Amino acid sequence: DVIGGETTLADVPLREDLRGRSPYGAPQLDVPVLLNTNENPFPPPRELVEDVVAEVREQAGRLNRYPDRDAVALRTDLAAYLTGATGVAVSASNVWTANGSNEVLQQVLQAFGGPGRTALGFEPSYSMHPILASGTRTEWVPAPRRADFTLDGGEAAAVIAERDPDVVFVTSPNNPTGQSVGLADLRAVLRAARGLVVVDEAYVEFSERHSAVELIEEFPARLVVSRTMSKAFAFAGGRLGYLVASPAVVEALLLVRLPYHLSSVTQASARAALRHSEATLGGVKLLVDERARVVDRLRELGFSPVPSDANFVLFGRFPDAHRAWERYLDSGVLIRDVGIEGHLRVTIGSPRDNDAFLAASEHVSEEIV
Ligand code: PMP
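Please read all numbers here as calculations on a predicted model, not as lab measurements.

1. Let's talk about the pattern of salt bridges
Inspection of the entire model under this criterion finds 21 salt bridges. For Asp70, the salt bridge is made with Arg257, and the minimal N-O distance between the two is 3.1 Å. On the criterion of sequence distance, the pair formed by Asp70 in the loop between helix H1 (46–60) and helix H2 (72–86) and Arg257 in the loop between helix H7 (247–254) and helix H8 (264–275) is long-range, its members being 187 residues apart. Overall, Arg257 belongs to the buried group, its relative accessible area being 14%. In this structure, Arg227 engages Glu205 in a salt bridge whose closest nitrogen and oxygen atoms are separated by 4.0 Å. Taken together, the positions of Arg227 in strand S7 (residues 223–228) and Glu205 in the loop between strand S6 (196–200) and S7 put the pair 22 residues apart, joining distant regions of the chain. Relative accessible area serves as the criterion here: at 15%, Glu205 is assigned to the buried category. Three or more residues joined by partner-sharing salt bridges are found here, namely Arg15, Asp17 and Arg137.

2. Thoughts on the packing of aromatic side chains
Per the stated rule, a full pass over the model turns up 11 aromatic pairs. Residues Phe303 and Phe315 carry aromatic rings whose centres are separated by 5.5 Å and whose planes lie at 80° to one another, so their mutual orientation is edge-to-face. Pair noted here: Phe303 is in the loop between helix H9 (277–300) and strand S9 (304–305) and Phe315 is in strand S10 (residues 312–316), with a separation of 12 residues, a long-range link. Under the relative-accessibility criterion, Phe303 is labelled buried at 3%. Following the ring pairs from residue to residue traces out a cluster consisting of Phe303, Phe315, Phe318, Tyr328 and Phe357. Between the NZ or CZ atom of Arg345 and the centre of the ring of Phe312, over which it lies, the distance is 5.5 Å.

3. Some thoughts on the sheet that holds strand S12 (residues 343–347)
With antiparallel pairing, the three strands of this open sheet are ordered in space as S9-S10-S12. Taken across any chain shown, the strands that pair with only one partner, and hence form the sheet edges, are S9 and S12. As defined by bridge partners, S9 adjoins S10 across two bridges and the pair is classed as antiparallel. The residue of S10 that forms the bridge with Ser304 is Gly316. Sitting on the sheet, helix H10 (residues 321–330) is in contact with S10 and S12, with an inclination near 35° to S12.

4. Here's the deal with the packing of helix H3 (residues 100–112) against H7
It is the contact of H3 with H7, at a shortest axis distance of 9 Å, that shows an interaxial angle of 85°. The angle between H3 and H7 places the two elements in the roughly perpendicular class. Between H3 and H7, the residues in contact are Gln107, Val108, Ala111 and Phe112 and Val249, Ala252 and Leu253, respectively.

5. What to know about the pairing of S6
Every other side chain in a regular strand lies on the same face of the sheet, so the side chains alternate between the two faces. For S6, the buried fraction is high: five of the five residues fall into the buried class. Across the two faces of S6 the burial is the same, with Leu196, Val198 and Asp200 and Val197 and Val199 all buried.

6. Comments concerning the pairing of strand S4 (residues 139–144)
Pairing of strand S3 (residues 118–123) with S4, which is carried by six bridges, proceeds in the parallel orientation. Its bridge partner lying in S4, Ala119 is registered against Trp140. Traced from S3 through helix H4 (residues 128–135) to S4, the parallel crossover comes out right-handed.

7. Digging into the site of the ligand
What surrounds the ligand is a group of 13 residues, the closest being Ser101, Asp200, Tyr203, Thr228 and Ser230. Within the side chain of Asp200, a nitrogen or oxygen atom sits 2.7 Å from a nitrogen atom of the ligand. In the environment of the ligand, an oxygen atom lies 2.7 Å from a nitrogen or oxygen atom belonging to the side chain of Arg239. Within the complex, the protein chains bury 93% of what would otherwise be the 400 Å² of accessible surface of the ligand. By residue number, the principal contributor to the shell around the ligand is H3, which donates three residues. In terms of residue class, the shell around the ligand is built from three nonpolar, seven polar and three charged.

Thresholds applied
Residues numbered from 1 in each chain as written. Predicted model: local features only at pLDDT ≥ 70, side-chain atom pairs only at ≥ 80, totals over all residues. Heavy atoms only, no water. Salt bridge = Lys/Arg side-chain N within 4 Å of Asp/Glu carboxyl O. Helix = DSSP H or I, 4+ residues; strand = E, 2+ residues; numbered from the N terminus. Buried < 20%, exposed > 50% of the residue type's maximum accessible area, 1.4 Å probe, protein only. Phe/Tyr/Trp six-rings, centres within 6.5 Å; stacked < 30°, edge-to-face > 60°. Lys NZ or Arg CZ within 6 Å of the ring centre and 35° of its normal. Pairing = 2+ DSSP bridges. Contact = heavy atoms within 4.5 Å. Axes fitted to C-alpha atoms, helices over the stretch in contact; angles between N-to-C directions. Parallel < 35°, antiparallel > 145°, perpendicular 65-115°, else oblique. Right-handed = clockwise from strand over helix to strand, strands pointing away. Near = heavy atom within 4 Å. Polar contact = N/O pair within 3.5 Å; in protein donor to acceptor, adjacent residues only side chain to side chain. Areas by Shrake-Rupley, 256 points an atom, 1.4 Å probe, with all protein chains shown as cover. Nonpolar A, V, L, I, M, F, W, Y, C, P; charged D, E, K, R; others polar.

Put into structure tokens, the structure is as follows:
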């Protein structure tokens, strides 16, 4: 008895190129141990929560007014964080923000991709990149990684020279496989590219490698570095992503962004969260230590974990990865079947989450490895 409930997707006048596609979505299941979406397991500290509440209270009295369309105060704060984190003098005009880095990437494709244009990515990688390409009618060009999932700068440059894409995605550390791409390989990619190169650094705080932000001065017309507060900053629910690029790239994004896309509540909450970045980022070290513990134990149990610079680990081999995923679920541990044959991906959680995962892994290894 839902209004219009009889109508199916086949009945609505959908774009032909979207027919038969599946929406992005990790199952959101009610399971005790959630290790499937690479979230930070630690809730924000109390001081941060208090600060967000105070900011939101203040904003609430002004909700009749539109927010700052250009989020200048927030971009200034992020520029200060980036300057400290990368050693590169980043200004507010180098930073652009949106509702999660997914929206940032969508705006990038709206401005630099689109009908008649192509976007290339090295697979397996973040599955939203091709979905965002599809939504913006950018043709997706998949390119391979090495068998061990690392990216070879020379091979990447060759495929870019051959396919000449308008946008190139390089995810570093790569989701779902975990390895970072070094600056030498990135330079090879940037030299080969005519179009825009987007380095997706959603997990960069978990890595010790240099950030691609260091290369913006060298490639100001072509390099974009996207980042997020969803992972290391423990702010996934706050929805705040950003990118770093030359001011000209930011200017291009203004042509496609919706006016007032970032609510005053989001802007103020993110600024409050940034004021506590020392506390939230303090948890990163613990997660990195836990990552080493999980990897070591998985090896002892006979699994083959892929070396990771991120807050997750891809591991195998399973004769039937989906069946193994179900076994974990039966043990109350939700991990991710990312569609890579013989492999599953687990997010590094709190020590207790990881204990539960490792205990379940013991059972699974006895059963099927
Ligand atoms: N890039 C990568 C590589 C990711 O894994 C994710 C989140 N899963 C995102 C971007 C998007 O995150 P958000 O929109 O929360 O910033």
